[in-house]
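What follows is each chain in one-letter form.
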Amino acid sequence: MSASPAPILISGASQRIGLHCAERLLDDGERLIVSYRRERPGLAGLRERGALTLQADFSDEAGILRFIAQVGEHTDRLRAIVHNASDWLSEAPGEEALAFQRLFNVHMLAPYLINLHCAELLERSTPADIVHISDDVTRKGSARHIAYSASKAGLDNLTLSFAARLAPRIKVNGIAPALILFNEGDDEAYREKALAKSALGIEPGPEVIYRSLRYLLDNPYVTGTTLTVNGGRHLK
Ligand SMILES: NC(=O)C1=CN([C@@H]2O[C@H](COP(=O)(O)OP(=O)(O)OC[C@H]3O[C@@H](n4cnc5c(N)ncnc54)[C@H](OP(=O)(O)O)[C@@H]3O)[C@@H](O)[C@H]2O)C=CC1
Ligand SMILES: Nc1nc2c(c(=O)[nH]1)N=C([C@H](O)[C@@H](O)CO)CN2
């Protein structure tokens with residue numbers, strides 16, 4: 001039996017929220033396996049701190065299964081799986097079906113197949129967790145990101161099904177953020193409009209997602225729950 005703690009697997013951790021959570025988990029002394037699609041500057045620091053970084057594209061089943069095989073080659077146990085990888089695509093005229101399929105694959109097929117194939121790795125760790133990073137938008141849907149919102153709603157349902165299937169050995173929860181970090185291209189008008197949608201009216205930054213993740217990893221009596229981290233958007 002390996003003496004070192006089982007690693008946490010976090011997907012899409014080369015930038016932004018995933019990278020921040022990866023860095024904070026390393027601060028906690030956790031061992032990490034991260035997936036990334038494209039090489040980005042933040043990965044160098046994770047590697048320097050001992051994280052294993054695996055390239056993976058979840059756009060199709062073959063890419064997902066390749067990633068699962070890679071994980072199995074590097075570890076026989078997992079402390080947790082954090083499904084953070086995500087594409088934020090709106091409806092592209094003429095490419096609607098392609099976008100829908102890509103969003104379904106990254107937000108639903110990848111968590112589904114990874115959970116099914118890696119459950120036995122989690123069973124070898126106590127405690128053991130799966131965390132799905134969803135989106136508060138599933139509460140109302142989105143006129144401008146229809147397929148994105150639908151695929152995230154499917155992810156919310158996977159949280160319920162896997163929580164029932166994997167209890168009591170593995171806890172399965174979700175985090176549903178709204179406006180955590182703007183994107184570089186977001187102009188002043190967009191930012192003002194987005195900030196006005198919540199009661200607290202701030203861009204909180206990724207630490208609020210790390211704290212939610214830490215809460216779920218550390219709480220032995222929470223499963224089948226999706227934490228809303230939305231600044232009170234539902235109050236407006
Ligand atoms: N940022 C926010 O305000 C909000 C975020 N969320 C959710 O929080 C999570 C983190 O958000 P954020 O940090 O902004 O995410 P990003 O948009 O930065 O995406 C995270 C990573 O996912 C990777 N990714 C995208 N598509 C694929 C794919 N097909 N296969 C593998 N990896 C892929 C990207 O890789 P690459 O580097 O190659 O692009 C990217 O690095 C996401 O699940 C998001 O939906 C929800 C609400 C608000
Ligand atoms: N994969 C991503 N999903 C989402 C992002 C993002 O940048 N990448 N951003 C948002 C927005 O913050 C939205 O919540 C308000 O502008 C939603 N999902």
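Fair warning: this is a prediction, and the values are worked out from it, not measured in the lab.

Each value, and the rule that gives it
Residues numbered from 1 in each chain as written. Chains lettered and ligands numbered in written order. Predicted model: local features only at pLDDT ≥ 70, side-chain atom pairs only at ≥ 80, totals over all residues. Heavy atoms only, no water. Helix = DSSP H or I, 4+ residues; strand = E, 2+ residues; numbered from the N terminus. Rg over C-alpha atoms; globule rule 2.2 N^0.38 Å. Buried < 20%, exposed > 50% of the residue type's maximum accessible area, 1.4 Å probe, protein only. Contact = heavy atoms within 4.5 Å. Areas by Shrake-Rupley, 256 points an atom, 1.4 Å probe, with all protein chains shown as cover. Lys, Arg positive; Asp, Glu negative; His and termini not counted. Charge placed at Lys NZ, Arg CZ, Asp CG, Glu CD. Polar contact = N/O pair within 3.5 Å; in protein donor to acceptor, adjacent residues only side chain to side chain. Pairing = 2+ DSSP bridges. Axes fitted to C-alpha atoms, helices over the stretch in contact; angles between N-to-C directions. Core = buried A, V, L, I, M, F, W, Y, C linked by side-chain atoms within 4.5 Å. Near = heavy atom within 4 Å. Nonpolar A, V, L, I, M, F, W, Y, C, P; charged D, E, K, R; others polar.

S.K.: Outline the overall build of the chain, supporting the account with residue identities and numerical values.
M.R.: Looking only at helices and strands, the chain has 7 helices and 7 strands in total. Going residue by residue from the N terminus, the α and β elements of the chain occur as β-α-β-α-β-α-β-α-β-α-β-α-α-β. A globule of 236 residues ought to have a C-alpha radius of gyration of about 18 Å, and the chain, at 17 Å, matches this closely. Dimensions of the chain, computed from C-alpha atoms along their principal axes, come out at roughly 55 × 40 × 40 Å. Residue burial in the chain is summarised as follows: out of 236 residues, 50% are buried. Put simply, of all contacts in the chain between residues at least 6 apart along the chain, 71% involve residues at least 24 apart. Accessible area for the chain stands at about 11,700 Å²; split by element, carbon and sulfur atoms hold 53% of it. If the 27 positive side-chain charges of the chain are averaged to one point and the 29 negative ones to another, these points end up 3 Å apart.

S.K.: Can you break down the side chain of E30 residue by residue, with the values?
M.R.: Looking at the secondary structure, you find E30 in the loop between α1 (16-27) and β2 (32-36). We classify E30 as buried; its relative accessible area is 15%. Within the structure, E30 has its side chain in polar contact with the side chain of R214 (distance 3.1 Å). The contacts of E30, once residues within four sequence positions are left out, are I8, L25 and R214.

S.K.: I'd like to hear about the sheet that holds β2, residue by residue, with values.
M.R.: The 7 strands are arranged β3-β2-β1-β4-β5-β6-β7 in an open sheet whose pairing can be described as parallel. Looking at which strands have only one partner, the edges of the open sheet turn out to be β3 (52-55) and β7 (226-229). Taking the axes of each pair of neighbouring strands and ignoring which way they run, one obtains an average angle of 15° across the sheet. Of the pairings in the sheet, the one linking strand β6 (residues 171-177) to β7 comprises 4 bridges and is parallel in character. Within β7, the position partnered with I175 by the bridge is L227. Seen against the sheet, helix α4 (residues 96-123) touches β4 (80-83) and β5 (129-133) and runs at an angle of roughly 170° to β4.

S.K.: Residues and numbers for the nonpolar core, please.
M.R.: Judged by nonpolar contacts, the single largest core of 30 residues is most densely connected at F58, I64, F67, L78, I81 and I114. Looking at this core, the elements that each hand over two or more residues are α3 (61-74), α4 and α5 (146-166). At 9 residues, α4 tops the list of elements feeding residues into this core. The residues touching I114, leaving out its near neighbours within four places in the chain, are F58, I64, F67, I68, I81, H83 and A119. One finds I8, A13, L19 and L217 within the second-largest nonpolar core, a separate group that totals 29 residues.

S.K.: I'd like a rundown of the site of ligand 2, residues and numbers included.
M.R.: Taken together, R16, S86, W88, D135, Y148, L179, N183, Y190 and R233 make up the full set of residues near ligand 2. A distance of 3.3 Å is found between a nitrogen atom of ligand 2 and a side-chain nitrogen or oxygen belonging to D135. Here a nitrogen atom of ligand 2 sits 2.9 Å away from a polar atom, N or O, in the side chain of Y148. Compared with its free state, where it exposes 400 Å², ligand 2 has 79% of that area covered by protein.

S.K.: Can you break down the site of ligand 1 residue by residue, with the values?
M.R.: Close to ligand 1 lie 26 residues; Q15, R38, R40, F58 and I180 are nearest. The contact in question runs from an oxygen atom of ligand 1 to an N or O atom on the side chain of R40, over 2.5 Å. Protein burial of ligand 1: of its 890 Å² of free accessible surface, 92% is covered by the chains. Breaking the shell around ligand 1 down by element, the ones donating at least two residues are α1 and α5. Residue composition of the shell around ligand 1, by class: 11 nonpolar, 7 polar and 8 charged.

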